[in-house]
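The primary structure of each chain is shown beneath.
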Amino acid sequence: MKMKPMWTDLKKLHPLMKFDIVYASPNNFFGSQVYASPDAFLLSHVAEDLLQAHLEFLSLGYGILIYDAYRPWSVTQLFWNQSSEDVRPYLANPKTGSSHNRGCAVDCTLYKIEDQQAVTMPSAFDEMNEKSHLNYLGGSEAERQVRDLFQSVMKRNQFQGIQNEWWHFNHTSHSQHLVMNFTFEEIRQVLQTQRRPDSK
Ligand SMILES: [Zn+2]
């Protein structure tokens, strides 16, 4: 077996990073709570690049608002098994798993530092239609501009966007990591051992 992955708790990454962990409440496309706790974890090297992107956004008057990060494989399987055919193009097939299952993907948006409000994008988060696509030409010019700024800064920091979801980013290393099914509780235990001074 390979070396154990190093994890980072995004909630401890930067005081101005915001969180709205959608699968820890019923307010998501699935319509029910699937996470026991509103946690956001990523592999540490991915979290480091996310921090760099966040710092760049701060210099532009924005901060990152996280909706989802690492997702256990069993949740990907649950979404797939219980969703209709029209929704499936927006979901990862559990046969291959999602880069979220690899601790290498993040769903997020930007908020404005000035008023602390999430920016308006051409679609809502998790809206499963063409308004969410990166090449959608509708919406206002301001909405398209902030979407494109979001994509370009994330790309400079090793996060690749995907064509049909403006909020989803794969870290460029995602294919080098394994699909995982650890619970948040198990990751929290790993984080505690990482913090022990004698484990350095
Ligand atoms: Zn995603």
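Our subject is the structure that appears above.
Just so it is clear, the structure is predicted and the values come from calculations on it, not from any experiment.

Another point: unusual backbone geometry. Positioned with a positive phi, Asp126 is a non-glycine residue whose angle comes to about 65°. By the secondary structure assignment, Asp126 is in the loop between strand 5 (105-112) and helix 3 (141-156). Take Asp126: its relative accessible area is 12%, and that puts it in the buried class. Within the chain, Gln158 stands out as a residue other than glycine whose phi angle is a positive 75°. When you line up the elements, Gln158 lands in the loop between helix 3 and strand 6 (159-162).

The tally for this structure, following the rule as stated, stands at 16 aromatic pairs. Through a chain of ring-to-ring contacts, the aromatic side chains of Trp7, Tyr23, Phe29, Phe30, Tyr35, Phe41, Tyr70, Phe79 and Phe184 assemble into a single cluster. Across the ring face of Tyr111, the terminal group of Lys18 is positioned such that the distance to the ring centre comes to 4.9 Å.

Moving on, we come to helix 4 (residues 184-195). An α-helix turns once per 3.6 residues; consequently, residues spaced three or four apart project the same way. Here helix 4 spans 17 Å end to end across 12 residues, near enough to the 16 Å set by a 1.5 Å rise per residue. For helix 4, every residue scored as buried is listed here: Phe184, Ile187 and Leu191. An end-on view of helix 4 places all buried positions within 60° of arc, on one side of the element. The inward-facing, buried residues of helix 4 contact strand 1 (7-9) and strand 3 (41-43).

Parameters at a glance
Residues numbered from 1 in each chain as written. Predicted model: local features only at pLDDT ≥ 70, side-chain atom pairs only at ≥ 80, totals over all residues. Heavy atoms only, no water. Helix = DSSP H or I, 4+ residues; strand = E, 2+ residues; numbered from the N terminus. Buried < 20%, exposed > 50% of the residue type's maximum accessible area, 1.4 Å probe, protein only. Phe/Tyr/Trp six-rings, centres within 6.5 Å; stacked < 30°, edge-to-face > 60°. Lys NZ or Arg CZ within 6 Å of the ring centre and 35° of its normal. Expected span 1.5 Å × (residues − 1). Arc of directions from axis to C-beta. Contact = heavy atoms within 4.5 Å.

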